[in-house]
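Structural characterization, general
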Amino acid sequence: MKLTPEEKEMLKGERGEGCKLAMEILTEVGEAYDVSKLIPVQSAHIVLSTYKSIFDAGVEALETFASLGAKAMIPTTVDPAGMDLDRWEALDTPKDYAKKQWRIVDACHALEFIPCWTCTPYLCGLLPREGDHLAWTESSAVVFANSILGARTNRETAVIDLAAAVAGRTLYHGLHIDENRWGQLLIEVQLKCLTPEHYNILGYFMGEQAGTKIPVLIGMEKTFRFENFKGMGAASAASGGVPLFHVVGVTPEAPTIEKAFGQNSVPDPIPFGEIQMKETKARMCTAEPGTLDAVMVGCPHYTITEIRDLARLLDGRKISPNVRFWIYTYKSTILLAERLGYKEIVEKAGAEFISDTCMIVSPTELYGFKRIMTDSGKCAYYAPTQIQSDVIFGSIQECVESAVKGEWTGLA
Ligand code: F3S
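My aim in this report is to walk through the structure given alongside it, one point at a time. The structure displayed is predicted, hence computed values, not measured ones.

This part takes up the overall build of the protein. Scanning the protein for helices and strands turns up 15 helices and 16 strands. In terms of overall size, the protein behaves like a compact globule, its C-alpha atoms giving a radius of gyration of 21 Å where 412 residues would be expected to give roughly 22 Å. Projected onto its principal axes, the C-alpha coordinates of the protein cover approximately 65 × 55 × 35 Å. By residue count, 57% of the 412 residues in the protein fall in the buried class. For the protein, the share of sequence-separated contacts (at least 6 apart) that also reach a separation of at least 24 residues comes to 78%.

This next bit is on the nonpolar core. Nonpolar side chains in soluble globular proteins tend to end up buried together. Counting residues in hydrophobic clusters, the biggest one holds 83 residues, and the most contacted among them are L217, M220, F245, L310 and F325. Per-element accounting of this core gives the leading share, seven residues, to helix 7 (residues 196-210). Among residues more than four places away in sequence, those in contact with L217 are I187, V189, L202, M206, M232, F245, H246, V247 and V248. By size, the runner-up hydrophobic cluster in this structure holds 45 residues, among which are C19, M23, I25 and L62.

Glancing now at the site of the ligand. Taken together, the residues surrounding the ligand are P80, C119, E138, S140, G298, C299, P300, C358, I360 and K378. Grouping the amino acids of the shell around the ligand by side-chain chemistry returns six nonpolar, two polar and two charged.

Once that is clear, we can look at the sheet that holds strand 4 (residues 135-136). Within a sheet, neighbouring strands are paired by backbone hydrogen bonds and run either parallel or antiparallel to one another. Spatial ordering of the open sheet is given by 3-2-4, a layout of three strands whose pairing is parallel. This sheet does not close on itself; its edge strands, each paired only once, are strand 3 (76-78) and strand 4. Of the pairings in the sheet, the one linking strand 2 (residues 44-46) to strand 4 comprises two bridges and is parallel in character. Following the sheet pairing, A44 is matched in strand 4 by A135.

Tallied over the entire structure, the rule returns 25 salt bridges. For E24, the salt bridge is made with K20, and the minimal N-O distance between the two is 3.2 Å. In this pair, E24 and K20 are both assigned in helix 2 (residues 17-32), four residues apart and thus about one turn of the helix distant. K20 gets classed as partly exposed once you look at its relative accessible area, which sits at 23%. Between E63 and R103 there is a salt bridge, with the nearest N and O atoms lying 2.8 Å from each other. Within this pair, whereas E63 is found in helix 3 (residues 51-67), its partner R103 is found in helix 4 (residues 95-110), the two being separated by 40 residues in sequence. In this structure E63 comes out as partly exposed when scored by relative accessible area, which is 27%. Because the salt bridges share partners, they merge into one network encompassing E6, E7, E9, R15 and R169.

So, about unusual backbone geometry. Following C299, the chain continues to P300 via a peptide bond in cis, the omega torsion being -10°. Position of P300 relative to the elements: it lies in the loop between strand 11 (294-297) and helix 11 (304-314). Positive phi values are uncommon outside glycine, yet E138 reaches one of about 70°. On the secondary structure map, E138 appears in the loop between strand 4 and helix 5 (139-147). Non-glycine residue C193 carries a positive phi angle of around 50°. Position of C193 among the secondary structure elements: in the loop between strand 6 (185-189) and helix 7.

Taken together, the buried positions of helix 14 (residues 377-386) are G377, K378, C379, A380 and A383. For helix 14, the N-terminal cap is S376; the gap from its side-chain oxygen to the backbone nitrogen of K378 is 3.2 Å.

Our focus in this paragraph is a positive patch on the surface. A grouping of K2, K8, K12 and K37 is seen on the molecular surface, where their side chains present a positively charged patch. The residue K37 is located in the loop between helix 2 and strand 1 (38-40) in this model.

How each quantity is defined
- Residues numbered from 1 in each chain as written.
- Predicted model: local features only at pLDDT ≥ 70, side-chain atom pairs only at ≥ 80, totals over all residues.
- Heavy atoms only, no water.
- Helix = DSSP H or I, 4+ residues; strand = E, 2+ residues; numbered from the N terminus.
- Rg over C-alpha atoms; globule rule 2.2 N^0.38 Å.
- Buried < 20%, exposed > 50% of the residue type's maximum accessible area, 1.4 Å probe, protein only.
- Contact = heavy atoms within 4.5 Å.
- Core = buried A, V, L, I, M, F, W, Y, C linked by side-chain atoms within 4.5 Å.
- Near = heavy atom within 4 Å.
- Nonpolar A, V, L, I, M, F, W, Y, C, P; charged D, E, K, R; others polar.
- Pairing = 2+ DSSP bridges.
- Salt bridge = Lys/Arg side-chain N within 4 Å of Asp/Glu carboxyl O.
- Polar contact = N/O pair within 3.5 Å; in protein donor to acceptor, adjacent residues only side chain to side chain.
- Patch = residues over 30% accessible without salt bridge, like charges linked within 9 Å, V, L, I, M, F, W, Y side chains within 5 Å.
- Areas by Shrake-Rupley, 256 points an atom, 1.4 Å probe, with all protein chains shown as cover.
- Lys, Arg positive; Asp, Glu negative; His and termini not counted.
- Charge placed at Lys NZ, Arg CZ, Asp CG, Glu CD.

Listed below in structure tokens is the structure:
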């Protein structure tokens, strides 16, 4: 691997032991994969943030870097933690689990990572520009950064993300390179006036069809609602491994179908119409009609606009006392919701905000829920394994109606 003079100094330890360790990791992995060089990155986003996913090995990796005096060389944000950092006791988080989570928090603090604890780092001060190279993990953030913002990042793995944060560079391969960003699969959207629910279903379908290929979508209206693409990308990165998609006429690298495919040939389109929509929604539900234990929304973390929409639906309603209704987001959004009066409305209806974490990366399975409902395609995909419950996917309107009734009456 070719290194610059500065990188050679870093590898020798002239910028500190933490930086040396980061460079050792990057160069050894790079050489194993035959990567030609490193590339400077503008920011990092790390998933070494929840004990539920990283276990003792991840905690030790963070603490090792912290004990060597390492600091983030570039702005570095962290994905959701494994619990609400303020209300963890009130939410019955086991104490031994919480202790490990606090070690993660302390190490991230020592490394000077920005403690936003969210999967939407692009909403809290870390907004990449088109063409920026990044080292981000968190599949929903990666697909958003690549597709909607036109930035360039692979789906980094844990520890590589940490090394990249400390060294300020990552491996030059995959989606950092032009030709690896060209479309490989064509989906023709045959429906108009898509709702947020439809975008999630489309994302889920796209992931199933594409796997890790790069889909190109045609036929979509040119209207742009940021939250729709947030949900769609997250679903596609979960049901498949989509790291980048192009929407012709909408996303930065796809002004035309030819540009979206670059030098790849344009394949026959896969249709996405009424039938595919219905069939995909059915696959996203594993439960039979009946009583409901919980509704969980905010995957990816809810924006203030989504909270406003929910507050309008919940205004003057009462959620069944048998149903927990949890809204996941990050701290500053809750503050905004409070100032705008939305927090009071949703809490009066019986819903609760949970911050710093989410239903998938915290030990939600310990509540023993049998049936949960969500408006998120990504959550629908992971709930059966990560929450160990049956799942129902529906629009936010359906989620609210079911929560008020205390039961789900089945697919419309
Ligand atoms: Fe974010 Fe958790 Fe969903 S990290 S994308 S809310 S699974």
